[in-house]
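Structural features, examined
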Amino acid sequence: MTHTVLVTGVSRHIGARLASVLAADPEIGRVIGVDTVPPPSFTRDGGIPLGRTEFVRVDLRSPDIAQVIAAADIDTVVHMSLVSAPSRSTGRAAMKEHNVIGTMQLLGACQRSATVRRVVVRSTTAVYGSSPYDPAVFTEDLEPHHSPDHGYAKDAVEVEGYVRGFARRRPDVCVSLLRFANFMGPGVDSPLTRYFTQPLLPTVLGFDPRLQFVHEDDAVEVLSRMATEDHPGTYNVAGSGVLLLSQCVRRAGRPALPLPSPAFRLLGNAVRGAGLVEYSPEQLRLMSHGRAVDTSALESELGWRPKFTTAAAFDDFLRSRGLYALGGARR
């Protein structure tokens, strides 16, 4: 039986990579990618070759997504279209509408569909928050001490609530919810990767948080497995091990600038306003308290381990940016 897969967020790097992998799978009949703008490969601006992927320009906030699902007899939906930082032109309100309202519209269309049998949703470990009262390692069943109340993390919490509601209303559909650590790799452009490419890295004085990353190759492999196999449930996805922020700074060969917490926040507000680097309140908390998650549930379910540890994923990112370690040795 061949499958027809819908991938949202196909104009972004991870979404495009996933669509490319699925399009190369002979057991998948059609791959339809949707987004508000065409992928670079469809506009002759380079980008990742998407093979047989068919692109449909649609805003998830509109009812048009239901027509796409119905017209193509979609049986598998992979929802990748979550925005992690607001753009300067549209702002935070549009970001929230895209993440939350867009997900509601998509799940509503899936609920009404007679053909959808599998739904995979990308979420984030940011739903656990970052606080000094957190456990050393979060498992999927642990609740955050302080639930996120701002930005991308808050959107992800709301998105997960709608996903759980959909799973209750459609028990016949296999629903997989994936909480990814921060993506890292040569093609990743995120608030955190932009932070590490600054010439000077501000840190919070007195704090050295633990960070976890997942390499883009491992993320795409997990997503493609979930899109072609039934693995219902909620799973953390991250590379093994952790890195302290101080270790990341040394690996990047950048000088650190320790600042008291109020000064760090003021700097964050200033660079956010200038559109330089996104220092959201949730990222400031991550830079103070860090976060680590347990991934044994996913590894047991798939019989799989990520190829890249957290440290190896970060080093691969550094190599791709041509960054040097202190002392001049190229990593």
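Description of empty space enclosed by the protein
In this approach a probe as big as a water molecule rolls over the atoms, and the regions it shows empty are the leftover space. A complete count under the given rule lists 2 cavities of 30 Å³ or more for this structure. Considered as a void within the structure, the largest cavity measures approximately 60 Å³ in volume. Considering the residues around the largest cavity, the lining is formed by Thr 125, Ala 181, Asn 182, Arg 210, Leu 211, Gln 212, Leu 286, Arg 291 and Val 293. Each residue belonging to the lining of the largest cavity can be placed in one class, and the counts come to 4 nonpolar, 3 polar and 2 charged. Approximately 30 Å³ is the volume found for the second largest cavity. Around the second largest cavity sit Thr 8, Gly 9, Val 34, Asp 35, Thr 36, Val 58, Asp 59, Leu 60, Ser 81 and His 98, which together line it.

Regarding the side chain of Asp 75
Within the element layout of this structure, Asp 75 appears in the loop between α2 (64–72) and β4 (76–79). No salt bridge is formed by the buried Asp 75; its nearest oppositely charged neighbour, Arg 118, is found at 5.0 Å. A polar contact of 2.8 Å, which involves the side chain of Asp 75, links it to the backbone nitrogen of Thr 4. Apart from the residues lying within four places of it in its own chain, the contact partners of Asp 75 are Thr 2, His 3, Thr 4, Thr 115, Val 116, Arg 117 and Arg 118.

Details of the nonpolar core
Ranked by size, the top nonpolar core spans 31 residues in total, and within it Leu 22, Val 78, Leu 178, Phe 180, Leu 223, Met 226 and Leu 298 carry the most contacts. For this core, the elements supplying multiple residues, two or more each, are β1 (3–8), α1 (13–23), β2 (28–35), β6 (174–180), α6 (216–228), β11 (233–237) and α10 (296–302). Setting aside residues no more than four positions away along its own chain, Val 78 makes contact with Val 5, Leu 6, Val 7, Thr 8, Leu 18, Val 120, Leu 223 and Ala 227. By size, the runner-up hydrophobic cluster in this structure holds 28 residues, among which are Ile 69, Ile 74, Leu 107 and Tyr 152.

Focus on the layout of surface pockets
Estimates place the volume of the second largest pocket at around 200 Å³. Glu 143, Pro 144, Glu 160, Arg 164 and Arg 179 are the residues nearest the centre of the second largest pocket, which is lined by 13 residues in total. Residue contributions to the lining of the second largest pocket peak at 3 residues, all from helix α4 (residues 151–169). A per-class count over the lining of the second largest pocket returns 6 nonpolar, 1 polar and 6 charged.

Points about unusual backbone geometry
Leaving glycine out, the prevailing phi sign among residues is negative, and the prevailing peptide bond configuration is trans. A positive phi is found at Asp 73, a non-glycine position, where the angle reads about 50°. Tracing the backbone through its elements, the reader meets Asp 73 in the loop between α2 and β4. Asp 73 gets classed as partly exposed once you look at its relative accessible area, which sits at 48%.

Thoughts on the pairing of strand β5 (residues 118–124)
Burial of β5 is extensive: 7 of the 7 residues sit out of reach of the surface. With burial as the criterion, each face of β5 is covered, one bearing Arg 118, Val 120, Arg 122 and Thr 124 and the other bearing Val 119, Val 121 and Ser 123. Two elements, β4 and β5, share 4 bridges in a ladder whose sense is parallel. Bridging from a neighbouring strand, Val 78 pairs with Val 120 of β5.

Considerations on the packing of aromatic side chains
Applying the stated criterion to the full structure yields 7 aromatic pairs. Ring centres of Phe 314 and Phe 317 lie 6.0 Å apart, and the angle between their planes is 40°; on these two criteria the pair is classed as tilted. Placement of the pair is Phe 314 and Phe 317 together in helix α11 (residues 310–321), with a separation of 3 residues, close to one helical turn. Assigned by exposure class, Phe 314 and Phe 317 land together as buried. Here the aromatic residues Tyr 195, Phe 196, Phe 213, Phe 314 and Phe 317 are joined through ring pairs into a cluster of three or more.

Observations concerning a nonpolar patch on the surface
Together, Ile 101, Met 104 and Tyr 162 line one region of the surface with nonpolar side chains, adding up to about 240 Å² of accessible area. Position of Tyr 162 relative to the elements: it lies in helix α4. Look at Tyr 162 and you get partly exposed, because its relative accessible area is 33%.

Analysis parameters
- Sequence order as written defines the numbering, with residues in each chain counted from 1.
- Per-residue local features of the predicted model are confined to residues with pLDDT of at least 70, and side-chain atom pairs are confined, for both listing and counting, to 80 or more; whole-chain, interface and lining totals are unaffected and use all residues.
- The side-chain values count all of the structure's non-hydrogen atoms but skip hydrogen atoms and water molecules.
- Here a cavity denotes grid points, spaced 1 Å and computed from the protein atoms alone, that fit a 1.4 Å probe unable to get out, and a pocket denotes an open set having protein on both sides within 12 Å along at least 5 of 7 lines; residues with an atom within 4 Å of a point are the lining.
- Grid points are joined across faces, edges and corners, and a volume is the space filled by probe spheres set on the points.
- In this count, Pro and Cys sit with the nonpolar residues alongside Ala, Val, Leu, Ile, Met, Phe, Trp and Tyr, while Asp, Glu, Lys and Arg are called charged and the others, Gly among them, polar.
- Only runs of H or I of at least four residues qualify as helices and only runs of E of at least two qualify as strands under DSSP, and these elements are numbered from the N terminus.
- Note on exposure labels: buried denotes an accessible area under 20% of the residue type's maximum, exposed denotes more than 50%, and partly exposed covers the range between, all computed with a 1.4 Å probe on protein chains only.
- Here Asp and Glu are counted as negative and Lys and Arg as positive; His is not counted, and neither are the chain ends.
- The salt bridge definition used is simple: a Lys or Arg side-chain nitrogen within 4 Å of an Asp or Glu carboxyl oxygen.
- In protein, a polar contact means a hydrogen-donor-capable atom and an acceptor-capable atom, both N or O and within 3.5 Å, with residues adjacent in sequence counting only if both atoms are side-chain atoms; elsewhere, any N or O pair within 3.5 Å suffices.
- In what follows, a contact means two residues having at least one pair of non-hydrogen atoms within 4.5 Å.
- Buried residues of nine kinds, namely Ala, Val, Leu, Ile, Met, Phe, Trp, Tyr and Cys, make up a nonpolar core once their side-chain atoms join them within 4.5 Å.
- The criterion for strand pairing is that DSSP finds at least two bridges linking the strands in question.
- Centre distance within 6.5 Å is the pairing criterion for rings of Phe, Tyr and Trp, where only the six-membered ring of Trp is used; planes under 30 degrees apart are then read as stacked, over 60 as edge-to-face, and the remainder as tilted.
- Any residue with relative accessible area above 30% and no salt bridge may belong to a patch, with like charges joined within 9 Å and the nonpolar Val, Leu, Ile, Met, Phe, Trp and Tyr side chains within 5 Å.
- Only the protein chains shown count as covering a residue, and every accessible area follows the Shrake-Rupley method with a 1.4 Å probe.

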